[in-house]
Structure formats: structure tokens, C-alpha cells
Amino acid sequence: MLTSKGIKNVKEGFPLKIQADEVKNVDIDFDQDFISKMVPKLDWNALIFAAQCVGHKEDLPDTLPEGYENDEDLLRKLHHILLEVEVINGCLECPETQRKFPISNGIPNMLLNEDEV
């Protein structure tokens with residue numbers, strides 16, 4: 001989980017807002033069993049927020065429906081946002097301080113300055 005909680009005076013620092021300048025879609029084989037096992041580990045509200053930030057909410061429900069394990073359409077949408085959408089360049093923004101962490105070549109740089117620790 002990416003958070004900016006390490007910054008001085010930040011209480012939660014989650015979820016980080018994704019500001020994507022460049023997004024790439026990659027093809028990954030769909031594995032329904034894998035995705036259905038991942039869902040309980042997700043913070044659903046953070047996932048919806050992240051999907052919305054990168055423009056890929058794609059009819060994802062605001063709350064996780066019961067019986068999602070058998071909803072192949074929903075699992076394919078989750079597969080897409082979780083595995084196939086890659087933020088190549090942009091930044092992650094702390095919701096409390098608005099501190100921006102750059103993303104370059106798909107890698108976020110979350111190193112803090114000395115005065116932020």
C-alpha cells in the first residue's frame with residue numbers, strides 16, 4: 001500500500017491521488033480465480049478512487065456486490081484496472097499535504113526530504 005503517512009504531521013496519507021500524464025494498457029491473460037482471491041484484500045473505496053483518477057472507473061460499482069466471485073464481467077473489469085492499466089509518468093499526491101511524488105517510467109519516487117520526516 002502506498003501512503004504518505006511518513007511525512008511529518010500526516011495522520012493517514014491515504015489514498016494517494018493519482019495524476020497520470022501517461023498511461024499504458026498492457027494485455028495480461030485473465031485469471032478469474034486469481035482476481036476473485038485478490039478482491040477481499042483490496043480497499044474497495046481506494047480502488048474506485050484510483051480507477052477514477054486514471055479514467056478507468058468503467059462502470060465499477062461504488063460498493064462491492066455480493067457474489068462478485070461469479071460475476072465474470074465485474075472480475076474482467078477488475079482484472080483490467082488492477083493488472084493492465086499502468087501509469088508510466090505522472091505523480092501521486094498526498095491527500096493531506098498535497099505533496100507530490102513523481103512517477104517516472106512506472107516507478108513512484110516516494111523519498112522524503114529531511115525536513116519532511
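Preceding this paragraph is the structure being described.
Model, not experiment: these values are computed from the prediction.

Asks: Hey, could you go over the overall build of the protein for me, with residue numbers and the actual values?
Replies: For the protein, the helix and strand inventory stands at three helices and four strands. The helix and strand sequence of the protein, counted from the amino end, reads β-α-α-α-β-β-β. With the C-alpha coordinates aligned to their principal axes, the bounding extent of the protein is approximately 50 × 30 × 20 Å. Of all 117 residues assigned to the protein, the portion counted as buried reaches 32%. Residue pairs at least 24 apart in sequence account for 63% of intrachain contacts in the protein once pairs closer than 6 positions are excluded. As presented, the protein carries roughly 7400 Å² of accessible surface, and 48% of it is formed by carbon and sulfur atoms.

Asks: Describe helix α2 (residues 44-53), naming the residues involved and giving the relevant values.
Replies: Taken residue by residue, α2 has Trp-44, Ala-46, Leu-47, Ile-48 and Ala-51 as its buried positions. For α2, the elements touching its buried residues are α3 (72-84). For α2, the capping residue at the N-terminal end is Asp-43, with a side-chain oxygen 3.3 Å from the backbone nitrogen of Asn-45. Of the residues trailing α2, Gly-55 is marked for its positive phi of about 75 degrees.

Asks: Now, about the environment of Phe-49: what can you tell me, with residues and values included?
Replies: Locating Phe-49 in the fold gives a position in helix α2. Measuring from C-alpha to C-alpha, the distance between Phe-49 and Asp-73 comes to 20 Å, with 24 residues separating the pair along the chain.

Asks: Explain the nonpolar core to me, and be specific about the residues and the numbers.
Replies: Counting 22 residues, the largest nonpolar core has Val-54, Leu-60, Leu-75, Leu-78, Ile-81 and Leu-92 as the members making the most contacts within it. For this core, the secondary structure elements donating two or more residues are α2, α3, β2 (85-93) and β3 (100-104). If near-sequence neighbours (up to four positions away) are discounted, Leu-75 is found in contact with Phe-30, Gln-32, Ile-35, Ser-36, Val-39, Tyr-68 and Glu-69.

Asks: Which residues make up unusual backbone geometry, and what values go with them?
Replies: With a phi close to 65 degrees, Asp-59 is a non-glycine residue in the positive phi region. Take Asp-59: its relative accessible area is 68%, and that puts it in the exposed class. Positive phi, close to 65 degrees, is recorded for Gln-98, a residue that is not glycine. Mapped onto the secondary structure, Gln-98 falls in the loop between β2 and β3.

Asks: Tell me about the sheet that holds β3, and name the residues and values.
Replies: One open sheet holds the four strands; their spatial order is β1-β2-β3-β4, and the pairing between them is antiparallel. Every interior strand has two partners, whereas the edge strands, β1 (17-25) and β4 (107-108), have only one. As defined by bridge partners, β3 adjoins β4 across two bridges and the pair is classed as antiparallel. Bridging across to β4, Ser-104 finds its partner in Ile-107. Sheet strands touched by α3: β1 and β2. Its angle to β2, the strand with the most contacts, is close to 65 degrees.

Asks: For the side chain of His-80, give the residues involved together with the corresponding values.
Replies: Secondary-structure assignment places His-80 in helix α3. For His-80, a relative accessible area of 16% translates into the label buried. Side-chain polar atoms of His-80 contact the side chain of His-56, separated by 3.5 Å. Once residues within four sequence positions are removed from consideration, His-80 is found in contact with Asn-25, His-56, Glu-58 and Val-85.

Cut-off values and rules
- Residues numbered from 1 in each chain as written.
- Predicted model: local features only at pLDDT ≥ 70, side-chain atom pairs only at ≥ 80, totals over all residues.
- Heavy atoms only, no water.
- Helix = DSSP H or I, 4+ residues; strand = E, 2+ residues; numbered from the N terminus.
- Buried < 20%, exposed > 50% of the residue type's maximum accessible area, 1.4 Å probe, protein only.
- Contact = heavy atoms within 4.5 Å.
- Areas by Shrake-Rupley, 256 points an atom, 1.4 Å probe, with all protein chains shown as cover.
- Polar contact = N/O pair within 3.5 Å; in protein donor to acceptor, adjacent residues only side chain to side chain.
- Core = buried A, V, L, I, M, F, W, Y, C linked by side-chain atoms within 4.5 Å.
- Pairing = 2+ DSSP bridges.
- Axes fitted to C-alpha atoms, helices over the stretch in contact; angles between N-to-C directions.

So yeah, pure geometry; function would need other evidence.
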